[in-house]
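# Notes for the structure review
Here is what each chain is made of, one letter per residue.
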Amino acid sequence: MSPSLTEIRQNLAHAYDLAPSLDLAEQTREIWGRMARVVPFADWAMHAPYVQAINRLKAERGAVVLAHNYMTPEIYHGIADVVGDSLQLAIAATRVDAPVIVQCGVHFMAETSKILNPGKTVLMPDMAAGCSLAEAITPEGIAVMRARYPGAPVVSYVNTTAAVKAASDICCTSANAAQIVRALPGDTVIMAPDKYLAQNVARQVPEKRVVWWDGACIVHERFTAQDLRDFRAFQPDTTIIAHPECPPGVVAEADYTGSTSGIIDFVARERPAKALLVTECSMASNIADAHPAVEFVGPCNMCPYMKMITLEKVLWSLHSMTTPVEVAAGLVAPARAAVERMIALSAAKAAA
């Protein structure tokens, strides 16, 4: 039986000094400087003891932390060894030498790391950190789509379970979806489970007939084209940057659309005076200090699953070496093949 949150906190308090500390905050001011624009120093005094304890444990356990761009700043800047979008983290997972991986993201990301590193320990700080897209499709759903469109290759978003990846021909991320669909044989391509990503890809790759499963991201589906029109009327000098999991009407209203890594690159390259990131809230927070000349404005939507990962849970995960992610033996090889095809195709395009 898993310990309660109260028991976890009691155990951690017994093993580590986690009391807020202005002295420790001052000692770690360099780390805080990466997030000073969005994290008050008083808040950093609460985070610093956890960050120090986690970074020490990482060294003791031989662990690395892979953190998605939607993690909170204290995780993203304080303890992560690798940060990025789903594609970047998948590639990083293939290059990890450490025996232990701590996945600061959602469950499908930890499964992907385990698929690519079956001999390593992959820890998930909160097993309940799921994903609306991963929950939207099953292998049976893939079978339905294959029966409906015989012979069409299946491209599954990495935001899926290992079982769905294993039932697919190749995976994709928002960063490489159009590239992968364009490269596949035949005139019809099945995309699952994100209908909006598929619809946006269909507009980019008109030579293909793209068909899709009816799934959506709970963060991005809530944005509307009218939201963007209203905001642009209110602040017309704002550059609007959207994620391709948003509905096509939202994408059409944006000045730029790209994956989380694409958004970061765009901001760094274009340096807009004002930017509205139409995506998860932590995106702007995590890049704000790196771009002090950019004013990040406007609404965002928070992912409740991503926010289930906290410093406290990461510390407990490393302290107790829980909870390890496992993937059924029969799924590892076919799921790995689908992910590796994606990585290989992306690498070939980058080298071209």
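Residues numbered from 1 in each chain as written. Predicted model: local features only at pLDDT ≥ 70, side-chain atom pairs only at ≥ 80, totals over all residues. Heavy atoms only, no water.

With that out of the way, let us pick up the sheet that holds strand 4 (residues 121-123). What links the strands of a sheet is backbone hydrogen bonding, and the strands pair in either a parallel or an antiparallel sense. Taken in spatial order, the 4 strands line up as 2-1-3-4 in an open sheet, and their pairing is parallel. Every other strand in the sheet has two partners, leaving strand 2 (82-84) and strand 4 as the edge strands with one partner each. This sheet shows a mean twist of 20 degrees between the axes of neighbouring strands, independent of strand direction. Summarising the sheet, strand 1 (residues 63-68) and strand 2 pair through 3 bridges and their orientation is parallel. The partner of His68 across the bridge, within strand 2, is Gly84. (Pairing = 2+ DSSP bridges. Helix = DSSP H or I, 4+ residues; strand = E, 2+ residues; numbered from the N terminus. Axes fitted to C-alpha atoms, helices over the stretch in contact; angles between N-to-C directions.)

This paragraph deals with helix 14 (residues 260-270). Buried residues of helix 14: Thr260, Ser261, Gly262, Ile263, Ile264, Phe266 and Val267, and no others. Remark: Arg271 follows helix 14 within two positions and exhibits a positive phi of approximately 45 degrees. (Buried < 20%, exposed > 50% of the residue type's maximum accessible area, 1.4 Å probe, protein only.)

Here we come to the pairing of strand 5 (residues 154-157). Looking down a regular strand, the side chains alternate between one sheet face and the other. Burial along strand 5 is two-sided: the residues Val154 and Ser156 and Val155 and Tyr157 are all buried. Inspection of the sheet shows strand 5 paired to strand 7 (residues 188-192) by 3 bridges, in the parallel sense. Among the inter-strand pairings, Val155 is bridged to a residue of strand 7, identified as Met191. Note: strand 5 against strand 6 (residues 170-172), 3 bridges, orientation parallel. Each residue of the ladder has a partner; that of Val155, found in strand 6, is Ile170.

The next subject is the packing of helix 1 (residues 5-15) against helix 16 (residues 311-320). Closest axis-to-axis distance for the helix 1/helix 16 pair is 11 Å, and the angle between their directions is 70 degrees. Considered as vectors, helix 1 and helix 16 are oriented roughly perpendicular to each other. Contact residues: helix 1 offers Leu5, Ile8, Arg9, Asn11, Leu12 and Ala15, while helix 16 offers Glu312, Leu315, Trp316 and His319. Here the residues of the contact of helix 1 with helix 16 sort into 6 nonpolar, 2 polar and 2 charged. (Parallel < 35°, antiparallel > 145°, perpendicular 65-115°, else oblique. Contact = heavy atoms within 4.5 Å. Nonpolar A, V, L, I, M, F, W, Y, C, P; charged D, E, K, R; others polar.)

This brings us to the pairing of strand 9 (residues 239-242). The alternating pattern of strand 9 places Thr239 and Ile241 on one face and Ile240 and Ala242 on the opposite face, and all of these are buried. Alignment of strand 9 against strand 11 (residues 274-278), held across 4 bridges, turns out to be parallel. Bridging from a neighbouring strand, Ile240 pairs with Leu276 of strand 11. Examined bridge by bridge, strand 9 and strand 10 (residues 256-257) share 2 bridges and lie parallel to one another. Counted as the bridge partner of Ala242 is Thr257 from strand 10. Of the crossover connections in this fold, the one passing from strand 9 over helix 13 (residues 248-253) to the parallel strand 10 is right-handed. (Right-handed = clockwise from strand over helix to strand, strands pointing away.)

Time to look at the packing of helix 4 (residues 41-61) against helix 16. Taken N-terminus to C-terminus, the directions of helix 4 and helix 16 make an angle of 25 degrees; their axes are 10 Å apart at the nearest point. Comparing their axes, helix 16 and helix 4 come out roughly parallel. The hand of the helix 4/helix 16 crossing is left-handed. Of helix 16, the residues touching helix 4 (which contributes His47, Tyr50, Val51, Ala53, Ile54, Leu57, Lys58 and Arg61) are Leu311, Glu312, Val314, Leu315, Leu318 and His319. Considering only residue class, the contact of helix 4 with helix 16 consists of 9 nonpolar, 2 polar and 3 charged. (Left-handed = near helix turned anticlockwise from the far one by under 90°.)

Let us now look at the state of the cysteines. Using the criterion set out here, one finds 1 disulfide in the structure. Lacking any disulfide linkage, Cys171 is separated from the closest cysteine sulfur, that of Cys172, by 7.5 Å. Between Cys303, a cysteine without a disulfide, and Cys217, which holds the nearest cysteine sulfur, the sulfur-to-sulfur distance is 6.5 Å. Overall, the relative accessible area of 9% leaves Cys303 in the buried class. (Disulfide = S-S within 2.5 Å.)

Summed over the entire model, instances satisfying the criterion amount to 13 salt bridges. The partner of Lys58 in a salt bridge is Asp81, with the nearest N and O atoms 3.1 Å apart. Separated by 23 residues along the polypeptide, Lys58 in helix 4 and Asp81 in the loop between helix 5 (73-76) and strand 2 bring together distant segments of the chain. For Lys58, a relative accessible area of 9% translates into the label buried. (Salt bridge = Lys/Arg side-chain N within 4 Å of Asp/Glu carboxyl O.)

From the geometry alone we can't say anything about function, so treat these as descriptive.
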